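# Observations on the model geometry
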Amino acid sequence: MIAEAITTHRKETAMDKSNAVDQYAHGYDSALTLVQHARRRAEKQAAFLLPHLQSGMSLLDCGCGSGSITIGLAKAVAPGKTVGIDVSGVEIERARANASNTEMSNILFEVGNVYALDFPDNSFDAVFSHNVLEHLNDPARAIAEMQRVLKPGGVIGIRDADMGGGRATDRVGLPRGALA
Ligand SMILES: C[S@@+](CC[C@H](N)C(=O)[O-])C[C@H]1O[C@@H](n2cnc3c(N)ncnc32)[C@H](O)[C@@H]1O
């Protein structure tokens, strides 16, 4: 159903190509990206969100990187569909390779920009993002875009670094329209 909605949306809506992409400071071939990100798991980095997920939900992971967390989220909502998007084609190829090592058929990865998500309004039951906002010049705009694609009553889970406090910060359930 989501795949149909995406196809329809793409036919009807031209993606806003004017949206700038921020520089990803860590780089895609650094040890941090290649080694540490690969060790990440939904059970740890998305532990705060898992209790809010159910079988059959649709889920979007914004800035999914190589998909190490996304795959665990997809297991939590299976047979519901999970989509991981990332602005990097390199990371999306890695995520697809990682997913192909699983037996899961409810997950897909696509290149996309969190500032201009290529999905209709009200597409997903859950939206997740991990360590992405800290890399964006306009995180509020990204959150507003996540809210746009979230269904009424859906849940958003965001975990990011609090650079000032030096610790990770989890947030679940920003109500739709809270930033409007
Ligand atoms: C620190 S990595 C986190 C990856 C993954 N969420 C994880 O925790 O392993 C940040 C990711 O955000 C992606 N990113 C940066 N700007 C983005 C944008 N505008 N839209 C989508 N993804 C973006 C980067 O390409 C990178 O893969």
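Residues numbered from 1 in each chain as written. Predicted model: local features only at pLDDT ≥ 70, side-chain atom pairs only at ≥ 80, totals over all residues.

## Some thoughts on the overall build of the protein
Summing up its helical and strand segments, the protein has 6 helices and 6 strands in all. Across the protein, helices and strands are ordered from the amino to the carboxyl terminus as α-α-α-β-α-β-α-β-β-α-β-β. When the 180 residues of the protein are sorted by exposure, 37% land in the buried category. A separation of at least 24 residues holds for 71% of the contacts in the protein among residues at least 6 apart in sequence. (Helix = DSSP H or I, 4+ residues; strand = E, 2+ residues; numbered from the N terminus. Buried ≥ 20, exposed ≤ 12 C-beta atoms within 10 Å, placed from the backbone. Contact = placed C-beta atoms within 7 Å.)

## Describing the confidence of the model for the protein
Per-residue confidence for the protein gives a mean pLDDT of 85; residues scoring 70 or more make up 78%. Under a pLDDT of 50 for its full length, residues 175–180 has, in the predicted model, 8 contacts with residues more than four places off or in other chains. (pLDDT = per-residue confidence, 0-100.)

## Focus: the nonpolar core
Ranked by size, the top nonpolar core spans 40 residues in total, and within it Leu-59, Leu-60, Leu-73, Ala-126, Val-127, Met-146 and Val-149 carry the most contacts. Contributions of two or more residues to this core are made by strand E1 (59–62), helix H4 (68–77), strand E2 (82–86), helix H5 (89–100), strand E3 (107–111), strand E4 (124–130), helix H6 (139–149) and strand E5 (150–162). Aside from chain neighbours lying at most four places away, what touches Leu-73 is Ala-42, Ala-46, Leu-59, Asp-61, Thr-82 and Phe-128. (Core = buried A, V, L, I, M, F, W, Y, C linked by C-beta atoms within 7 Å.)

## Some points on H5
Here H5 contains 12 residues, and its C-alpha end-to-end distance of 16 Å stays within 8% of the 16 Å for a straight helix at 1.5 Å per residue. All of the buried residues along H5 are Glu-91, Ile-92, Arg-94, Ala-95 and Ala-99. Each buried residue of H5 lies within a common arc of 160° when the element is viewed along its axis, so the set occupies one face. Among the exposed residues of H5, those pointing more than 90 degrees away from its buried face are Gly-89, Ala-97 and Ser-100. Along its buried surface, H5 packs onto H4, E2 and E3. (Expected span 1.5 Å × (residues − 1). Arc of directions from axis to C-beta.)

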